[in-house]
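Observations on chain architecture
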Amino acid sequence: MKQRVLACTVVLVLAVLTLGTGARGAGAPVKNPDTFVTLRFGDPESLDPAYAYDTASAEIIYPNVYETLITFDGSVLSRYVPLLATQVPSLQNGLVSKDGLTYTFPIRKGVKFHDGSTMTPEDVRYSMLRFMLQDRDGGPSWLLLTPLTGKDSTRAGDGKFQVTYQDVAKAVTVQGDNVVFHLAHPYGAFLSIIAGFSFVMPKAWAASHGDWDGSPTTWQRYNNPKLQDRYAFDHMDGTGPFKLQTWDRQAKQVILVRNDNYWRKPARLARVVIRTVQEFGTRRLQLQQGDADLIDVNRPEQSQVQGMAGVTIHDDLPQLVLQALHFNFKIDATGNPDVGSGKLDGNGIPPDFFSDVHVRRAFAYAFDYGTFIRDAYRGKAVQPNGPIIQGLLGYDPSAPRYTFDRNKAIAEFKEAWGGKVWDTGFKFTLTYNTGNTVRQIGAQILKDVVESLNPKFKLDIRNMQWSQFLQTTNAHKGTLYALGWAVDYPDPDDFAQPFLASNGDYPKRNSYHNAEADRLVREGATTVDPAKRAAIYKQLTRIAYQDVPQLYVAQPVGFVVMRSWVHGWYYNPVFGGANYYPLYKE
Amino acid sequence: MIAFIVRRLLLLPLVALGVTALIFALLQFLTPAMRASLYITDPKQLNALPDIIRKYHLDQPVYVQYGDWLRQVLHGDLGWSETAREPVADAIRGFFPATLELAMYAFLCILALGIWLGTASAVNKDKLIDHLSRVTSISGASLPTFVWALLLLMVFYGHFGWFPPGRLSLDADLYVRSGKFHVYTGLMTVDALLNGQGWIFWDAVRHLVLPVATLTYYLVAVLVRITRSSMLETLRADYVRTAQAKGLPRRIVVDRHARRNALIPVITLASLLFIGLLSGVVITESVFNYPGIGRWGVGASQQLDIPAVTGFALIFAGLLVLGNLCADVLYAVVDPRIRLQ
């Protein structure tokens, strides 16, 4: 009798397990049809459009909550359509001056901010000035500062101000219903920058919440703020199709709701939920069940969503992305657990450990690029030879690149710090962002090789929450860390400046400085002739090879994973994430 | 009885002091700059570490530092958490109710199931239920929590779609955030009932099923084993044999006479179970993306967020002390000999 009961129980359990299925396959009814759920492994750093400069923050900011004067025509980066302006300036319509120095944007009338106030040309001007003058370390302000003032930061290398209020005030003016940009030099990619970074917020709203009020005398107080200094850090007031409802940092969730007073037809989606879920397994199951519509998947995890019923993978998306490992030349060792003892005694590294080029070259030879591209990208990447990657003007396929060579790595380590590195060894921690298995694989590959070269070499690996990782590296506390770069605008300047100019994003974090590189980056930005520019960027590629401020480990192609019931999606490599406005579920 | 409880309560501050001394001693392995982050309550202070080191005497003898730190802790200042991007005390306040809710239900399930299964196993020694409970115990204790958690998630969410991860479904979450829902306790099931929202209650329960099942399966094994052996020993005792000889029904002998005495070691174990539960919560919350203090603690420790880890340790140590106190009191309630001593 008992055996029969046991047998029946087993059969019942097996029947339930094999027959009953709750997974939502193709043709299944759409779950939460008016709400779009995106699951990411990184959390936003800031919602302030003049502070944020990372993909997780950018997805919320643009083009979903804040809008720009013009935008890209769908996936095409070389064509623009008007957004908050009514026309795209061109030579033909006379809105770009013949000398290429003046761009006039007629501002759209009747556009309402989310707080109900009406957008004016003065709001546009204020937003541009705020974007430039806030200028936090490692932020996006250089994008407008460079073409409009000829300088890529408001502060010089010694920290003193090199840009005045008048410099930016005369660069952006209001003329009737128009906002006019006066460039310091002709700049072919200017419209591209405006399409990606001319976010508009209301001046009165910002000022009433303790932000800069537009006064010429007070802007310096608002320059280079800390992360949470500004009201706009976690509050938003744009003109876009969605409004910020909540940013719950404990639940790691942002909720955007439809702006029913949008100046265009309101979005079809009533709500967008962007949630951070660091476990890939959980993200995958939620996609499978239809509780998520779009999830972050790293290339090594792709096989786990391949063939999943009701799920679409948009693969082989061309992107201008560079994965790199960055050396910090002057590490802030204060309270920094990643430098060990802080000395070259076998149990740590000194703050200037990576300032010796032999150390950097040794790591460059110790990285197994082929294995990394095979394991982390399933072969869907190429090894770059510098920051000027394939697809950009000035890319030089003949430029030298580092290859994996254990003997050369050993030789370089033996030369580093007068031979002391080889004799005493070192120990430090390499960091990357949580959930990024591609970077985790890269870090593990480097660790395995480096530790096999000399038993006195110890390389630990640690992952960090995205927002904290950005803050830590920005505070000069990174040692050697894995962080990539996604295009802001498709021009070599967008890679040369952040990777090689002293005021660029990474050189600033890592205290890298090369006067010749600075000169060439400036020259590249201000030169009009494409042939001359190409030659300049080729020179910069050679400098990157000689100086090795970073290891350029991969230029991958992209892919996006979403439910098949998602419609209206298009790929634009400049957006941090999805443009939710045209999306709907059916 | 009251005197016993008062004695235990009087010992509580001493135990708490010992706990803080231990945690502080461990902090001494960190550099002054790393410890300085414990005194930060605003991110703007991050640039002023040398000033904080001076202000809080972090370069002074240990007892001076301990005094300063203890004063801070008593004022509720546990430092600034980089991972939560808010003061540690606020983060704990935010995350703790979710964990408390999870731990509470898991603890009840463990106690109920463990005692019932242990008793049934002892009463039916070497029968089918005894074998099943032993197999369950061994597999539960030997299977890593995260494996069991993932397995449950794959079957009951990935396959059946019954019990989703997280704390609430999208609709329920949106309702809770809509302003129509009043948060009384932070315990979602309780608040849902207090708001008269049965559907949110059931939604919260659906989200609790798998984490509670994971914790229960992981921890029930020990309780089953202890209850079983304790019951077997008690059932062999003279007074139980006497009760049976008197002709009392077996159920009354087992329930009223044997189990009560057999529960004494179980109560002692319950406080140890509580420790296991707290460590189990850490992994369970991470796998189920459950927004509690455990998930936050994992992230904080991975990212060397010292103030968060210290706050996490303090709160868990405090819970442990309270758990022990409850065990002592219950011990006295169940066994009069302890009161008399």
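Keep in mind the model is a prediction, meaning the values are calculated, not measured.

Here's the deal with the overall build of chain B
Each helix and strand in chain B was counted, giving 15 helices and 2 strands. Each of the three principal axes of chain B carries a C-alpha extent, and together these read 80 × 55 × 40 Å. Scored against the burial criterion, the 341 residues of chain B give a buried share of 40%. Across chain B, every contact between residues at least 6 apart in sequence was considered, and the portion connecting residues at least 24 apart equals 74%.

Some details on the overall build of chain A
The helix and strand tally for chain A stands at 18 helices and 20 strands. On C-alpha atoms alone, chain A measures out to a radius of gyration of 25 Å, which is about the 25 Å that the 2.2 N^0.38 rule sets for 586 residues. Dimensions of chain A, computed from the C-alpha atoms along their principal axes, are close to 90 × 65 × 45 Å. Within chain A, buried positions represent 52% of all 586 residues. Considering only residue pairs separated by 6 or more positions, chain A has 70% of its internal contacts joining residues 24 or more positions apart.

What to know about the interface of chain A and chain B
Note on interface size: it is often stated as the accessible area lost on association of the parts. Contact residues are listed per partner, giving 32 residues for chain A and 37 residues for chain B. Contributions of two or more residues to the side of chain A that touches chain B are made by helix H1 (2-19), strand S1 (35-40), helix H8 (280-288) and strand S15 (457-464) of chain A. Examining the composition of the side of chain A that touches chain B, we find that 4 residues originate from one element, H8 of chain A, more than from any other. Looking at the side of chain A that touches chain B residue by residue, the class counts come to 10 nonpolar, 17 polar and 5 charged.

Overview of the sheet that holds strand S10 (residues 294-295) of chain A
All names here are of chain A. The strand order across the open sheet formed by 7 strands is S7-S8-S9-S1-S10-S18-S11, and the pairing between neighbours is mixed. Two strands bound the open sheet, and with one partner strand each, they are strand S7 (242-248) and strand S11 (311-317). Here S11 pairs with strand S18 (residues 558-563) via 5 bridges, running antiparallel. Opposite Val311, over in S18, you have Arg563 as the bridge partner.

Let's talk about the pairing of strand S9 (residues 271-276) of chain A
Residues and elements named next belong to chain A. Counting buried positions along S9 gives 5 out of 6 residues, so the element sits mostly inside the fold. Pairing between strand S8 (residues 253-258) and S9: 5 bridges, direction antiparallel. Paired with Val257 across the strands is Arg271, a residue of S9.

Regarding the environment of Leu27 of chain B
Note on placement: Leu27 of chain B falls in helix H1 (residues 2-27). Those residues in contact with Leu27 of chain B that lie beyond four places of it in its chain are Arg35 and Thr310 of chain B.

Some details on the environment of Phe181 of chain A
Residue and element names in this part refer to chain A. By the element assignment, Phe181 lies in strand S6 (residues 178-182). According to the C-beta neighbour criterion, Phe181 is buried, with 23 such atoms within 10 Å. Taking the C-alpha atoms as reference points, Phe181 and Tyr103, 78 residues apart in sequence, are found 5.1 Å from one another.

Examining the sheet that holds S6 of chain A
All names here are of chain A. Taken together, the 3 strands give an open sheet; going across it, the order is S4-S6-S5, and neighbouring strands pair in antiparallel fashion. The strands lining the two open edges of the sheet, one partner per strand, are strand S4 (102-106) and strand S5 (172-175). Sheet twist, expressed as the mean angle between neighbouring strand axes with direction ignored, is 25 degrees. Pairing of S5 with S6, which is carried by 4 bridges, proceeds in the antiparallel orientation. Each bridged residue has a counterpart across the sheet, and for Thr173 the counterpart in S6 is Val180. Strands S5 and S6 of the sheet are contacted by helix H3 (residues 121-134), whose axis makes an angle of about 175 degrees with S5.

Things to note about unusual backbone geometry
Residues and elements named next belong to chain A. The residue after Tyr62, namely Pro63, is reached through a cis peptide bond having omega 5 degrees. On the secondary structure map, Pro63 appears in helix H2 (residues 55-65). Phi angles above zero are rare outside glycine, and Asp135 is one such case at about 35 degrees. Note on placement: Asp135 falls in the loop between H3 and helix H4 (142-149). Residue classification places Asp135 among the buried residues on the basis of 27 C-beta atoms within 10 Å. One non-glycine residue, Val548, adopts positive backbone phi at about 45 degrees. Among the secondary structure elements, Val548 is positioned in the loop between helix H18 (530-547) and strand S17 (550-556).

Structural notes on the confidence of the model for chain B
Confidence in the prediction of chain B, expressed as mean pLDDT, is 84, and 93% of residues score 70 or more. Across chain B, element-level confidence peaks in helix H9 (residues 188-194) of chain B with a mean pLDDT of 96 and bottoms out in helix H15 (residues 336-340) of chain B with 63.

What about helix H10 (residues 369-377) of chain A?
For H10 of chain A, the set of buried residues is Tyr369, Phe372, Ile373, Ala376 and Tyr377 of chain A. The arc that holds the buried residues of H10 of chain A, viewed along the axis, is 95 degrees, so those residues lie on one side.

Brief notes about the packing of helix H5 (residues 88-123) of chain B against helix H6 (residues 128-142) of chain B
Between two packed helices, what matters for the description is the angle formed by their axes and the separation of those axes. Residues and elements named next belong to chain B. Close contact between H5 and H6 brings their axes to 8 Å; oriented N to C, the two are set at 135 degrees. It follows that H5 is oblique to H6 by the angle criterion. The chirality of how H5 crosses H6 is left-handed. Every residue of H6 that contacts H5 at Leu117, Ala120 and Ser121 is listed here: Ile129, Asp130 and Ser133. When the residues that make up the contact of H5 with H6 are grouped by side-chain class, the tally is 3 nonpolar, 2 polar and 1 charged.

Topic: the domain arrangement of chain B
Residue and element names in this part refer to chain B. If you check the domain split of chain B, you get domain 1 (2-81) and domain 2 (95-340). One C-alpha centre belongs to domain 1, the other to domain 2, and the line joining them spans 32 Å. Considered class by class, the residues forming the side of domain 1 that touches domain 2 number 14 nonpolar, 3 polar and 1 charged.

Section: the pairing of strand S16 (residues 480-486) of chain A
All names here are of chain A. Counting buried residues along S16, 5 of its 7 residues qualify, which places the element largely inside the surrounding structure. Pairing analysis gives 7 bridges linking strand S12 (residues 321-327) to S16, with the strands arranged antiparallel. When the sheet's bridge partners are listed, Val321 is paired in S16 with Ala486.

A closer look at the confidence of the model for chain A
For chain A, per-residue confidence averages 93 on the pLDDT scale, and 95% of positions sit at 70 or higher. Predicted confidence is poor over residues 13-21 of chain A, with pLDDT under 50, and the contacts of this stretch with residues over four places away or in other chains come to 4 contacts.

What counts, and where the lines are drawn
Residues numbered from 1 in each chain as written. Chains lettered and ligands numbered in written order. Predicted model: local features only at pLDDT ≥ 70, side-chain atom pairs only at ≥ 80, totals over all residues. Helix = DSSP H or I, 4+ residues; strand = E, 2+ residues; numbered from the N terminus. Buried ≥ 20, exposed ≤ 12 C-beta atoms within 10 Å, placed from the backbone. Contact = placed C-beta atoms within 7 Å. Rg over C-alpha atoms; globule rule 2.2 N^0.38 Å. Nonpolar A, V, L, I, M, F, W, Y, C, P; charged D, E, K, R; others polar. Pairing = 2+ DSSP bridges. Axes fitted to C-alpha atoms, helices over the stretch in contact; angles between N-to-C directions. pLDDT = per-residue confidence, 0-100. Arc of directions from axis to C-beta. Parallel < 35°, antiparallel > 145°, perpendicular 65-115°, else oblique. Left-handed = near helix turned anticlockwise from the far one by under 90°. Domains from an automatic or database assignment.

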